[in-house]
Amino acid sequence: MDELDTPVFPAPKALLMQVPCLNLRKAPANGVAAASTVPTSEPNSNVSAFDIAVPGSLPVFQPAVVLPALRAAIVLGCHIEPVSYFDRKHYFYHDQPAGYQITQYYHPFARDGLVTLTSDDGLEAGQEVEVYIKQVQLEQDTARSQEEDEHTTLIDFNRCGQALVEIISLPNLHSPRDAAAYVRKVQSLLYAVDAVTTGMEHGGLRADVNVSVRRRDGDSDRSFEYSGVSGLGRRTEIKNLSTLKGIEDAIKAERDRQIRLLESGGVVQPETRGWSLTHPHETRRLRGKEGEVDYRYLPDADIPPLSFDLDLISHVARSMPPTPAVLVRHLVQHYGLSVKDARILESLDDGERLIYFQEVVAELLSLHDYEVNEINVGKIAVNWVLFEVGSLFSTDESTWSRDKIPAKSLAEIIHQLRKNAITGASAKLILRLIFDGDSRRVSEIIRQEKLMYVGMSPETYETIAKDIMQNHPQEVKDIVEKGKIGKLKFLMGQMMRHPRRSEMSAPEAEKALRRLLLGEKS
């Protein structure tokens, strides 16, 4: 057995907690109102009659909330079926008191998608993995189980009956890292187009991961097939993984368990297994896993077929927000950003930092004192938005808020700096004052704090430089006698800390030092 040749095919579930795609929590038979789908920490506080299979209760489909499911299927490149149907998947377990789960087995609403992973997604340079989506389906969630001890399991029915968009992928992944990268990319795509409202850490998405191993040489007494992919080992399923690290760790633990079992002469049994943070190096058996025949899929009699107008699908596709890759490409081409800066900007603060950046650029373009365009302004603005403004929030451990430094104020600071009306040090000082709550306009701060840059004469620069050199003779000796030009940076730092630093220009200060130390002419 070889651990690097482990077919792994995760099926992440995007749980739309804020806007459920399929509301199965109605009880119209007796007039009882539907339970809320808003997340709560109070167990069994949002439970309807249908959730616990009270006789006479029926599911009710809510067409308006199909929109997030459509967005998910479109962003994953799937073909949307004009008509899809609901089925009942029969099994007996304490998380589903009705004895069946409403899903879409025979006729799901979307098929045949594709997610491509590259080095941008965490793979090695030059590596590319194509993960094919078998189908995307709507289905009913089950209750949450919490094991107290080996004899006691607590059941929370708040989640039961809520909607899931289940994304089923084919076995195209062969390492724990690639599997985690796949789920991470799916999550970012869904989040970008508002198909899911929160991340894995808040329950917005979880993964059921199927794991199997096979010998590298293909020598096996028996191989298995899944959806047209043959030569696989017998798989087990790990349920409800809710972190990217958990996905990697659970796959490693189950891979190693299967390898040990097969090398000792054992047989991998088809079963559903669990994994927890408290036991990260092992999985545990939950129950035997039924085959597809054992689920006795039957058409659901309560929910009618789901039909999509082709014009609706086209409208949703045209009106969806751009994906992260599209945004990055736009930032690079339109604003001249580096790919690295564009990716950072796109990923921060749920898109709020990107919007703020665009507002700053727009404000700068509205200042007509000089000719500018998006590219030369964008390169300057992104440094201030990411690093100067970002460092203030990081230092104070504050949550991002554009109100702390209005876009118009930052644009004015950059504008004054570009005109050489203030120095870089003064610009950062003004930024800090506004961040700390100073409500004055930028122009007022410059005037009242006497920050307007007035150029010094070369003689004044040299006088200050001589004082600095006299106070640091060792650095001067290293530069003059030993040629350690790098020590100039230290002396430059001392000059820019001088009481008259607001009047200084860094290039002119460096020229003065070079004239005195190296005999260079200006």
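Look above for the structure.
Every chain begins its residue count from 1, and numbering advances along the sequence as written. The predicted nature of this model means local features are confined to residues of pLDDT at least 70 and side-chain atom pairs, given and counted, to a pLDDT of 80 or more, with totals for whole chains, interfaces and linings taken over all residues. The basis for every side-chain value is the complete set of non-hydrogen atoms in the structure, without hydrogens or water.

A word on the pairing of strand 15 (residues 271-276). Here strand 15 lies mainly inside the structure; five of its six residues are buried. For strand 14 (residues 236-241) and strand 15, the ladder comprises two bridges, and the chain directions are parallel. Counted as the bridge partner of glutamate 237 is threonine 272 from strand 15. Strand pairing is assigned whenever DSSP identifies at least 2 bridges connecting the two strands. Put simply, DSSP marks the helices as runs of H or I at least four residues long and the strands as runs of E at least two long, and each gets a number from the N terminus on. By the bridge criterion, five bridges tie strand 15 to strand 16 (residues 279-288) in an arrangement that is antiparallel. In this scheme, a residue with accessible area under 20% of its type's maximum is buried, one over 50% is exposed, and one in between is partly exposed, where area comes from a 1.4 Å probe on protein chains only.

Moving on, we come to the sheet that holds strand 5 (residues 100-103). The three strands are arranged 5-4-17 in an open sheet whose pairing can be described as antiparallel. The open sheet terminates on both sides in strands that have one partner only, identified here as strand 5 and strand 17 (298-299). Where strand 4 (residues 87-90) and strand 5 come together, four bridges link them in antiparallel fashion. When the sheet's bridge partners are listed, lysine 89 is paired in strand 5 with glutamine 101.

Right, let's get into the packing of aromatic side chains. Each Phe, Tyr or Trp ring, with Trp reduced to its six-membered ring, pairs with another whose centre is within 6.5 Å; inter-plane angles below 30 degrees give stacked pairs, above 60 give edge-to-face pairs, and intermediate values give tilted ones. Scanning the model with the defined rule gives 10 aromatic pairs in all. On the numbers, 4.8 Å between centres and 80° between planes, the contact of tyrosine 105 with tyrosine 106 is edge-to-face. Geometrically, the ring pair formed by tyrosine 356 and tryptophan 400 is edge-to-face, given 5.1 Å between the ring centres and 80° between the ring planes. Pair noted here: tyrosine 356 is in helix 7 (residues 352-365) and tryptophan 400 is in the loop between helix 8 (374-396) and helix 9 (407-418), with a separation of 44 residues, a long-range link. Considered together, tyrosine 356 and tryptophan 400 belong to a single accessibility category, that of buried residues. Through successive ring pairs, a cluster of aromatic residues spans Tyr105, Tyr106, Tyr295 and Tyr297. Criterion for a charge above a ring: Lys NZ or Arg CZ within 6 Å of the ring centre, and within 35 degrees of the ring normal. Here the guanidinium or amino end of lysine 89 rests over the ring plane of tyrosine 295, the centre of that ring lying 4.4 Å away. The ring of phenylalanine 435 carries the charged tip of lysine 404 above its face, separated from the ring centre by 4.4 Å.

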